[in-house]
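For reference, the chains in residue letters:
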Amino acid sequence: MVDASLLGALRSFTMAARLLSFTRAAEALSLTQSAISQQVRLLERRLGYPLFVRGHRSLTLTAEGAMLLEGAQRAFEEIESTLARISDSGEPVKVGCCPSFAMHWLVSRLSQYHHHYERNPVQLMAEFAALGVATNDATQVDAAVRYCEDEPTGAGRSTALFDEWLIPVASPAYIERHPKLAEGKLDASCVLLHDAFAWPQAETFAEWRVWIRAIRPAWVRHVDGPRFNIASMAYGAALNHQGIAIGRASMLMEELADGRLVPVLPVAVRSPAAYWVVAKRPEAPATGAFEAWLIGQSEQFVRRRATELTRMRIDLVDTPD
């Protein structure tokens, strides 16, 4: 068993073996020459074989000593490297994602992360590349959250978080002003609100068209309406009674739960896009801790989302092939 006394003796041996001098090893470790010599002798007695050949004014390693030096030095270097990484863990974890995901999902959960990982604070970086759509470039961040059709590649380790469901939502006041909506009649007189850049390479009205093709195929030609480059703007317009937004259910769970937004039709269609976390350097302790926390939060959220959508009596429909 490697106990504290053995570790101390190994440290003294390693320094003496590297320098081939008890005197110089004592200076390097701020100990006395006799202390180094005593620890090495204790180690040799414990192991049962000599580690040095002691000359009049020289030291050379035995075959066993050379083997032990190689292993002990490698172990101490790994310990020192780990301690160095831990000492740097106060640096923030730079996390990039689209503003809508940050505001509607991630920010509200960060206090839980910081409670457990206060030495690894998150520096959240909202990305506005491509008019609000984050690209697959993760070079300026430690981790990134992506909403895209295909698994992100080339920027680091990608892990799926959760899928998304699209549902048309409006404020109760807007529905009250349009009586046909209360009957579930969605027609061309309604103002449709859009995130015009839903995911990379998405067409302008991609999310509305996905939902309409699944529910009302004959109505696709009528898709139009105000366009926004961030989904949050479309949701804000809906909250201000300006029209019907095609909402991402995962981003609007609170608004749906408290009635600020209500489904125009209680049918959600699976989005072609899903959420992924991309860890640029997953082996870095801080990045790995955030990645693991985010995956855990996503798993919990998916279970709660299923319960809430069932409670709201919202039907889930897969995207047609």
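Residues numbered from 1 in each chain as written. Predicted model: local features only at pLDDT ≥ 70, side-chain atom pairs only at ≥ 80, totals over all residues. Heavy atoms only, no water.

(A) Here's a closer look at the nonpolar core. In terms of nonpolar packing, the biggest core is built from 67 residues, with Phe101, Leu106, Trp208, Ile244, Phe290 and Leu294 touching the most fellow members. Among the elements that make up this core, the one with the highest residue count is strand E6 (residues 157-170) (seven residues). Leave out the neighbours within four places in its chain, and Phe290 touches Val93, Val95, Tyr113, Val122 and Ala143. One finds Ala9, Phe22, Phe52 and Ala72 within the second-largest nonpolar core, a separate group that totals 19 residues. (Core = buried A, V, L, I, M, F, W, Y, C linked by side-chain atoms within 4.5 Å. Buried < 20%, exposed > 50% of the residue type's maximum accessible area, 1.4 Å probe, protein only. Helix = DSSP H or I, 4+ residues; strand = E, 2+ residues; numbered from the N terminus. Contact = heavy atoms within 4.5 Å.)

(B) Main features of unusual backbone geometry. For Ser30, which is not glycine, the phi torsion reads 55° and is therefore positive. As for its placement among the helices and strands, Ser30 is situated in the loop between helix H2 (22-29) and helix H3 (33-47). Here the phi dihedral of Arg313 falls at roughly 60°; this positive angle occurs in a residue that is not glycine. Looking at the secondary structure, you find Arg313 in the loop between helix H13 (285-311) and strand E12 (315-317). The class for Arg313 is exposed, based on a relative accessible area of 72%.

(C) Region of interest: helix H5 (residues 99-106). For H5, the tally of buried residues reaches six of eight residues, placing the bulk of the element in the interior. Turning to H5, its buried residues are Pro99, Ser100, Phe101, Ala102, Trp105 and Leu106.

(D) Seen up close, the packing of aromatic side chains. For the structure on display, the rule yields 14 aromatic pairs. Arranged with centres 5.2 Å apart and planes meeting at 65°, the rings of Tyr113 and Trp293 form a pair that is edge-to-face. Within this pair, whereas Tyr113 is found in helix H6 (residues 110-116), its partner Trp293 is found in helix H13, the two being separated by 180 residues in sequence. In this pair, the class of Tyr113 matches that of Trp293, namely buried. Between Phe162 and Phe301 the ring centres are 5.2 Å apart and the planes differ by 55°, which places this aromatic pair in the tilted class. Placement of Phe162 in strand E6 and of Phe301 in helix H13 is noted, with a sequence separation of 139 residues between them. Look at Phe162 and you get buried, because its relative accessible area is 5%. Residue class for Phe301 comes out buried when judged on its relative accessible area of 5%. Taken together, the ring pairs connect Phe101, Trp105, Tyr147, Phe162, Trp199, Tyr275 and Phe301 into an aromatic cluster. The side chain of Arg109 reaches across the aromatic face of Trp105, ending 4.0 Å from its centre. (Phe/Tyr/Trp six-rings, centres within 6.5 Å; stacked < 30°, edge-to-face > 60°. Lys NZ or Arg CZ within 6 Å of the ring centre and 35° of its normal.)

(E) Up close: the packing of H5 against helix H11 (residues 231-239). The N-to-C vectors of H5 and H11 enclose an angle of 60°; their axes lie 7 Å apart at closest approach. When the axes of H5 and H11 are compared, the pair comes out oblique. On H11, the residues that touch Ser100, Met103 and His104 of H5 are Ala231, Ser232 and Tyr235. A per-class count over the contact of H5 with H11 returns three nonpolar, three polar and no charged. (Axes fitted to C-alpha atoms, helices over the stretch in contact; angles between N-to-C directions. Parallel < 35°, antiparallel > 145°, perpendicular 65-115°, else oblique. Nonpolar A, V, L, I, M, F, W, Y, C, P; charged D, E, K, R; others polar.)

(F) Main features of H3. Counted at 1.5 Å a residue, the expected span for H3 with its 15 residues is 21 Å, and the 21 Å between its end C-alpha atoms agrees. Along H3, the residues that are buried comprise Ile36, Ser37, Val40, Leu43 and Glu44. When H3 is viewed along its axis, its buried side chains cluster within an angular range of 125° and face the same direction. Facing away from the buried side of H3 by over 90 degrees, the exposed positions are Gln38 and Arg45. Gly48 occupies a position one or two residues after H3 and carries a positive phi of about 90°. (Expected span 1.5 Å × (residues − 1). Arc of directions from axis to C-beta.)

(G) Looking closely at the pattern of salt bridges. Applying the stated criterion across every chain yields a total of 11 salt bridges. Between Arg270 and Asp318 there is a salt bridge, with the nearest N and O atoms lying 2.4 Å from each other. You can see Arg270 sitting in strand E11 (residues 267-279) and its partner Asp318 sitting in the segment after E12, a full 48 residues away along the chain. Look at the salt bridges and you will find they share partners, linking Asp163, Arg270, Arg305 and Asp318 into a network. (Salt bridge = Lys/Arg side-chain N within 4 Å of Asp/Glu carboxyl O.)

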